[in-house]
Amino acid sequence: MSNAPIDLGELITAWHSGKAEAEAVLSREVYQLLKRMAGARLAQGGPATLEATGLVHEAVARLLGGNSDWTSRDHFFALVAMQMRAVLVDGARRRSADKRGGGAAHVTLGGVADPVVTEDSLLELHEALLRLSERDARAARVVELTYFGGMRAHEIAPVLEVSDATIERDLAFGRSWLKRELST
Amino acid sequence: MSVLDYARVRGAFDACIAVESERRSAALAAISLSQDERAELDSLLAAHDAHAAHDEMSIRIRAAAANSISALERPARLGPWRITGEIGEGGMGVVLSAVRDDGEYEQSVAIKVIRGFSSAAARDRLRRERQILASLEHPNIARLLGGGSTPGGEPYLVMEYVDGEPLGEWLARAQPLRDRITLFAAICRAVAFAHQRLVVHRDLKPANVLVRRNGSPVLLDFGIAKLVEADDTAGDGTRTHTMTPAYASPEQLRGEAVTTASDVFGLGLLLFVLLGGDVRQRLDPLRAATTSVDSASNAARNSEHASVRAFAPQLRGDLDAIVRQATRLDPTRRYPAATLLLQDVEAWLDGRPLAARAGDHWYQLRKLAYQYRAVLAFGLLLMLAAAGFTAQLAVERNRARSAEARALQEAATAREVVAFLTGMFADLDPRRSPDTANLSARELLDRGRANLDLVPASSPQARATLQRSLGDVYRASSQPQQAIELLSQARAVFAADPAAAADLIDIDTVLSQAHNDLLDVDAALAAAERAVAAAQPREQIDPQRFADSLMSRGVARQRLNRFDQAMADFERAQALFERSGEQGRRGLTSVLHNRGWVAEAQGRNQEALEWYEKAVLAKRALLGEDNPFTFNSVSAQAKVLAFLGRNQQAAAVLDALIPRVARVLGERSLSYRLLQGELGSVLQDLGRWSDAETAYLRGLEISRATEGDALSARTAAMLNNLATLREERGDLMRAEQGYRESLTVRLRTLNPADLGIARAQGNLARALIQRGELVEAGQLIEQASASRRAALPAGHPELLVSDAQHLEWQLARGDLGAAGVSAGQLRDGLASTPTAPAPRSNARILAVLARHARAIGDTQRAVALLQSALEKLGTALPDNHPGIALLRLDLAETVRASDPARARSLRAQAQAVLEVALVADAPQRARFRDE
């Protein structure tokens, strides 16, 4: 993290008014913030099923507060969701690399009443999403925003500038595609 | 497949899912797809149609995400440790298992990664305290082996891996009663051990106890709860308490301070559980905070385990009593120390009677500790804050809290003080408690000092903090030598720590005060200069500390007679205190007093009185009437009133003050006896000389009893005053003895430049002159004169006193030539001094000049001088004072030739007084006996 405290409010304004460099810096700051929030949440205890979407909502609320019009909020949401995905994927990659190199035991955490899920499953998902975006970029985006950002159709629509119905269709397609990809 | 093709697949898909499955073929009719594209579409539709697939997908994604977050920063290695697995997850972080991986040797450890620490400062503190915890080496305590920080910046602690089962599991297998108690005794031993080293566990519960195969228990997570709680995450407010509610003590549930007493509660609850009780009822925090723990025998009787029910009857009586005593809601009513709880448990195992059942005989211990605290509250709070190592952290936490919470914190800290002090003696055989209760404050302190040795050398910070606190307390209890030793040692450690700048200033300030107490003025000034130099750059952020350092330098300067510089320091300090509003009030009261003190030393008594009166008002308002600091200023006020000759007022002030002092500080206190001396002086001037003598003798009696052979400078002052009384009553032999003793003590105890020595020399000289011992008198006058000239600025009225004595001596020797010169100088001096000397000195000077005038035959001038002297003295002394009577006698003798009637009347007046006032063999009697 840089030494000088960054005024996120200003940064968000700059990003919203279209400054390109602002986006890169803002993305980086949001990334770090999400990591910190995740760490803090963890220390708080409670069940291990921490919702990524919950974090995103919280981050947006914290950073934007009450003073934003709805269009900029949705765009910002999308940015945060993207960073959330990046945080998770980076983490998963790092652990993967460790496992391959160090020969450490495979560490898992239960906590979900479901099939044993390993961090590899996230990387799989991520890579599948990458492949989807080569076929249907918008559908991939919709999936990302829905699952990593917890956004609803009417929130995604203005960001991608299509109708709600289109978003629904994108989601249906994207889910089906991923399901097929990941089950083979 | 190309992207473009995919668009067609996508279009087909959209069309198909918009209609029911039967209608799909119709929908597809309009779209032409290749064979591959058709296959693709089919598989996608199949995926879409499996409804459960949607749910499974989102669950999968969510779970993957959740899992990733949970395992976000888990590394594969930490330092030399290779992570082999995860043991569990707790409120403060995750616990990993690891082995040593650098080929050195085999070791299994548990590593606790603590999440959420934000600031570098908090991490530094954790590192320091970690060292303290690492020093806890005990067979029943899981060793803390080390620690570090993850690459992500999170601190981790490496602990010995204990191969054992949690206590709950051990208990699930029916254990005989005796084994349970034996196990508990081992746990108590571990806790007592840690308390001696000033570490509190804070989170005692079955989950933190593992039982090895051989039945020996091991305590986990000692003191770690405190390390974690100490941090406040960056504005998140997400930090929650780390305690487990069901096992938390009532004070913890209320958010109050955690003390060794909280651990005693935890032990009591552990015992309760060991005896078959369950704590489910304590899950409701409100209930847990306000309801006593159920009796052990009751709980056992209602247990679902037959083996527990079987021994329930054996719990009645003694074991019930132990649990009850340990788990009292009020921390001050529990066992004062874990050791005492252990002693009762061992007594049960040995079949001996318990202390808990003998009534609350620790009352004596607690009472003593409480009284001690009342007298030295501030110093002890420091001491205990050091003992809890929470001085810094608690202070910072408190800044964020409301005033009320802070007040609660302080009250709790005071209880901690009591608990700690009683704990200090817990190693003693309880049968010897009655002796313990009689320990003096001095002995208490010395024990505390001895306990310092228990702090391991690997924790220089902890030791330095304790040394510092003890040093402060020693200083507050008038043992400056010890204070200096301890503070100097502490200083060395603090000086090496750049973060401890403020502490260093405080230490130097107190060191200065201690050196002052020992009258080592040069060292006092040096320490004060260090404090000022360090505090000055921080003036903006910490004006109070700067002001305090200025105060100590002012005092040191005053003692070196640098009055103007001292006054400058005090003025500046005053401005700073006034700027600090509420917080500066305390310092302000002191500075007002000190300004009076400097003014007094400069001979500006009226001004001094005004300052003292301001100080008294301020202290009364802030500290109350019965506070020793208020006493100081009131007695200074009385002294200056007396000095200005306003003896009635002075006597009234003292009459009100002395009973208060007796009540608050006791008759054996230094203040009481000094005030007796003051009172004596005032009464003497009021002519109530037998009352005066009583007061002096009372003060001296106590002083000799307490000081023995090594009388103090203050006692010297009292000796001096009693001697002047005797001089006035013509009891010249004893007067001379008194002056000589006073001088001897002052020479031993005061700085050579101190004017108290000069005054004593002058007094003795005067007495010697009256006896005709002129040689010694001359030497003394010379020395006194030299000291005064060196110390006082030109124009200071006290310089005239020396000149007057010179004149007196020359007259006694019959050296009229020298006398003439001296008289001339004295007259000039008197005329040019900006401030007049105090009435008595003034009268004395005039009387000597008159004597000279008579000696050279200038009767007229002599008469004028004597009348002036009488007038001056009349403002200070009552009419029936022997001093006035003697002057009248002088005047009578002077006018005998010119106005015999007047002479006779004056003489009669004088005789009436002197007959009564002078002692039987006073030489002055000769002056009115013959006719």
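Calculation criteria
Residues numbered from 1 in each chain as written. Chains lettered and ligands numbered in written order. Predicted model: local features only at pLDDT ≥ 70, side-chain atom pairs only at ≥ 80, totals over all residues. Heavy atoms only, no water. Helix = DSSP H or I, 4+ residues; strand = E, 2+ residues; numbered from the N terminus. Buried < 20%, exposed > 50% of the residue type's maximum accessible area, 1.4 Å probe, protein only. Contact = heavy atoms within 4.5 Å. Areas by Shrake-Rupley, 256 points an atom, 1.4 Å probe, with all protein chains shown as cover. Core = buried A, V, L, I, M, F, W, Y, C linked by side-chain atoms within 4.5 Å. Pairing = 2+ DSSP bridges. Phe/Tyr/Trp six-rings, centres within 6.5 Å; stacked < 30°, edge-to-face > 60°. Lys NZ or Arg CZ within 6 Å of the ring centre and 35° of its normal. Salt bridge = Lys/Arg side-chain N within 4 Å of Asp/Glu carboxyl O. pLDDT = per-residue confidence, 0-100.

Attention shifts here to the overall build of chain B. Check the secondary structure of chain B and you find 44 helices and nine strands. The buried share among the 931 residues of chain B stands at 55%. Within chain B, counting contacts between residues at least 6 apart in sequence, those at least 24 apart form 61% of the total. For chain B, the accessible surface area stands at approximately 40,000 Å², while carbon and sulfur atoms represent 51% of it.

This part is about the nonpolar core. Residue and element names in this part refer to chain B. Of all hydrophobic cores here, the largest spans 77 residues; its most connected members are Phe570, Ala573, Phe577, Val591, Val682 and Leu914. Aside from chain neighbours lying at most four places away, what touches phenylalanine 570 is Met551, Gly554, Val555, Val591, Asn594, Arg595 and Val598. Of all hydrophobic cores here, the second largest spans 65 residues; its members include Trp170, Leu204, Phe222 and Leu271.

Before going further, it helps to spend a moment on the sheet that holds strand S7 (residues 165-166) of chain B. Residue and element names in this part refer to chain B. Strand order in the open sheet formed by three strands is S7-S8-S9, with antiparallel pairing between adjacent strands. Whereas interior strands pair on both sides, the edge strands pair on one side only; in this sheet they are S7 and strand S9 (217-219). Two strands pair when backbone bridges link them, and S7 and strand S8 (residues 209-211) are joined in this way by two bridges, in the antiparallel orientation. Note that in S8 the partner of proline 166 across the bridge is leucine 210.

Let's shift gears to the packing of aromatic side chains. Two aromatic rings are characterised by how far apart their centres lie and by the angle between their planes. Summed over the entire model, instances satisfying the criterion amount to two aromatic pairs over all chains. A ring pair is formed by Phe173(A) and Phe13(B), whose centres lie 5.1 Å apart and whose planes are at 80°; its orientation type is edge-to-face. Pair noted here: Phe173(A) is in helix H8 (residues 164-183) and Phe13(B) is in helix H1 (residues 3-17), and the two residues belong to different chains. If you follow Arg100(B) out to its NZ or CZ, it ends over the ring of Trp81(B), 5.2 Å from the centre. Lys614(B) extends its terminal NZ or CZ atom over the ring of Trp611(B), reaching a point 4.6 Å from the ring centre.

It is possible for side chains bearing opposite charge to pair when their charged atoms get close. Residues and elements named next belong to chain B. All told, the structure shown has 57 salt bridges over all chains when counted by the stated rule. As a salt-bridge pair, arginine 545 and aspartate 542 come within 2.6 Å of each other at their nearest N and O atoms. With a relative accessible area of 15%, aspartate 542 lands in the buried category. We note a salt bridge from glutamate 607 to arginine 604, for which the minimum N-O separation is 2.9 Å. When its relative accessible area of 32% is taken as the criterion, arginine 604 is described as partly exposed.

Residues and elements named next belong to chain A. For chain A, per-residue confidence averages 71 on the pLDDT scale, and residues scoring 70 or more make up 67% of the total. When pLDDT is averaged over each element of chain A, helix H6 (residues 137-147) comes out on top at 90 and helix H4 (residues 70-102) at the bottom at 70. Low pLDDT (under 50) marks residues 45-50, which in the prediction has 12 contacts with non-local residues, meaning those over four places away or in another chain. Note on residues 99-117: pLDDT under 50 across the span, and 27 contacts to partners over four residues away in sequence or across chains.

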